Amino acid sequence: MKVLLIGSGGREHAIALKIKESPLCDELVCAPGNPGMAMLGKCFGVDVSSPKEIAELAKKENADFTIIGPEIPLVAGVADEFKKQGLQIFGPTKAAAMLEGSKAFSKEFMKKHNIPTAAYETFTDLQKAKDYLKEHPAPIVVKASGLAAGKGAVVCMSNEEAQSAVEEMLGEKAVFGESGKTVVIEEFMEGEEASIFAVCDGKDYIFLAPAQDHKRVFDDDKGPNTGGMGAYAPAPLVNDEMLKRIKKEIVDPTLKGIEYTGILFIGIMATKSGPKVVEYNCRLGDPETQAILGVYSGDLLELFYKAAQGKIKEIPETKPQGYAAVVVMASEGYPGKYKSAVPITGIEEAEKKGATILHAGTRDNPLQTAGGRVLCVVGKGKTLKAALDIAYSGVKEIKFEGAHWRKDIGKKGLNASQSIQKT
Ligand code: AMP
Ligand code: GLY
């Protein structure tokens, strides 16, 4: 079949590589794509926030099946538009994508369905939010309700931080625009995080490997939140026992509460009292995908296609193969203002070390930076340590001025696997 893949980040480059491996794929086309994806299929310009434009492109290109990478088109209703036009797509409807599109909605949903998550209140009025914070001291978390590219959650360790976070969102500055005009203030949860991915067909689902992201920009989880600075899979934190609880207490009641076809990505906090939901997303994670597809041994195109048809039961469950780790190389200044058009060198040398290089924010001719997260360097191995060693040996070869990356990707996973080995 001919596949249209929507998106332009490291996640979509990883998906594109996997789709090209599938015997079911005759041709891949991408929109908007990136220089890495352009090596795998022709790329077309498209406004990803326009469901109509995406459907037009799918028709013009005679695509048999469309896969959506990012949340923006899903929240805008691309799956509904495709269904209306009788086109095949993998992704949740606009109503289902609201689990990610509105934190006010998802928190209400969790309350209604008794799904464990942080206690919260929703605000649109600055003064009311400020008064609430006086009664609920730090640590506390302030979140823009709408989409904010992973940067809309502010974990406030002081009351001053919390006051200024609500001021920035609900005050005149409105740093997240419409997305921040409704704010969720929630209880701070303590614990380690994991990313869980359920591929859902409307009735049944299967899990991909659990992963762990690294949200903060600096080592040891310091600095502001980013879209994600690195990941690894499978995450030993999510052992069989925890996965059972996640299934029973979170995934099953979620899918009972909403009709869902697509990827349900659940950010989990492993608290002392058990796993709780940090957030829902309606798509694969970035950079988690770059790790989880590295350990997925099945046919990804077949998996998505069968899920879209409501036939996921026909897909055999596969066990993750070894480990994969991804280190994100970011532009100077990211997640704040960053420079662009900085020349990049060393990709071939990094590949010679065994790493896979995925493009996230790059431009071609000559290769240069064009985004905050620039490249994802992926290593695979029999152990997490081997995967990380390959990824970091690749990172060493890649140069662009001002590049920064975390040096401690996978550290928690290594500690966890060592303690498992010892017991
Ligand atoms: P979100 O955009 O909701 O995924 O939040 C981004 C990140 O902020 C999460 O991955 C956590 O690291 C952190 N975070 C969000 N909510 C909470 C919470 N209630 N307690 C502690 N940390 C949180
Ligand atoms: N890495 C987290 C996300 O994709 O939202």
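The present account deals with the structure reproduced in this document. The shown structure was predicted, so the numbers you read here are calculated from the model rather than taken from an experiment.

1. As for the nonpolar core
Move 1: In terms of nonpolar packing, the biggest core is built from 47 residues, with Leu-4, Phe-82, Val-251, Tyr-260, Leu-264, Ile-266 and Tyr-280 touching the most fellow members.
Move 2: For this core, the element with the highest residue contribution is helix α9 (residues 240-257), accounting for five residues.
Move 3: Excluding anything up to four places from it in sequence, Phe-82 contacts Ile-54, Ala-55, Ala-58, Thr-66, Leu-87, Gln-88 and Ile-89.
Move 4: Counting residues in each nonpolar core, the second largest holds 45 residues, with Leu-208, Ile-263, Ala-324 and Val-378 among its members.

2. Topic: unusual backbone geometry
If a residue is not glycine, its phi is most likely negative; likewise, a peptide bond is most likely trans.
Move 1: The peptide bond linking Ala-233 to Pro-234 adopts the cis configuration, its omega dihedral lying at -10°.
Move 2: Following the sequence through the fold, Pro-234 ends up in the loop between β15 (230-233) and α9.
Move 3: In this structure, Pro-335 follows Tyr-334 across a cis peptide bond, with omega equal to 10°.
Move 4: As for its position among the elements, Pro-335 is in the loop between β18 (323-330) and α12 (347-352).
Move 5: Non-glycine residue Asp-221 carries a positive phi angle of around 55°.
Move 6: On the basis of relative accessibility, which here comes to 32%, the residue Asp-221 falls in the partly exposed class.

3. What to know about the packing of helix α7 (residues 126-135) against helix α8 (residues 159-170)
Move 1: Relative to each other, α7 and α8 sit at 165°, their axes nearing to 10 Å. Judged on the interaxial angle alone, α8 and α7 are roughly antiparallel. Here α7 runs over α8; the crossing is right-handed. In this structure, α7 contributes Leu-126, Ala-129, Lys-130, Leu-133 and Lys-134 to the contact, and α8 contributes Ala-162, Gln-163, Val-166, Glu-167 and Leu-170.
Move 2: By residue class, the composition of the contact of α7 with α8 is six nonpolar, one polar and three charged.

Here is what the cut-offs are and how they apply
Numbering of residues starts from 1 in each chain and follows the order in which that chain's sequence is written. Lettering of chains starts at A and numbering of ligands starts at 1, both following the order in which they are written. Only residues with pLDDT of at least 70 get local features here, since the model is predicted, and only at 80 or more are side-chain atom pairs given and counted; chain-wide, interface and lining totals rely on the full set of residues. As a rule here, side-chain values come from all non-hydrogen atoms in the structure, and water together with hydrogens is ignored. Side-chain atoms within 4.5 Å link the members of a nonpolar core, which is a set of buried Ala, Val, Leu, Ile, Met, Phe, Trp, Tyr and Cys residues. Burial classes: relative accessible area under 20% of the type maximum marks a residue as buried, over 50% as exposed, and values in between as partly exposed (1.4 Å probe, protein chains only). Only runs of H or I of at least four residues qualify as helices and only runs of E of at least two qualify as strands under DSSP, and these elements are numbered from the N terminus. Any pair of residues with heavy atoms lying within 4.5 Å of one another is described as a contacting pair. The angle between two axes is taken between their N-to-C directions and runs from 0 to 180 degrees, where each axis is a line fitted to C-alpha atoms and a helix contributes only its stretch in contact. We call two directions roughly parallel when the angle between them is under 35 degrees, roughly antiparallel when it is over 145, roughly perpendicular when it lies between 65 and 115, and oblique otherwise. Left-handed is the label given to a crossing in which the near helix is rotated counterclockwise from the far helix by less than a right angle, and right-handed is the label when the rotation is clockwise. All residues other than Ala, Val, Leu, Ile, Met, Phe, Trp, Tyr, Cys, Pro, Asp, Glu, Lys and Arg, Gly among them, are scored as polar; the first ten of these are nonpolar and the last four charged.

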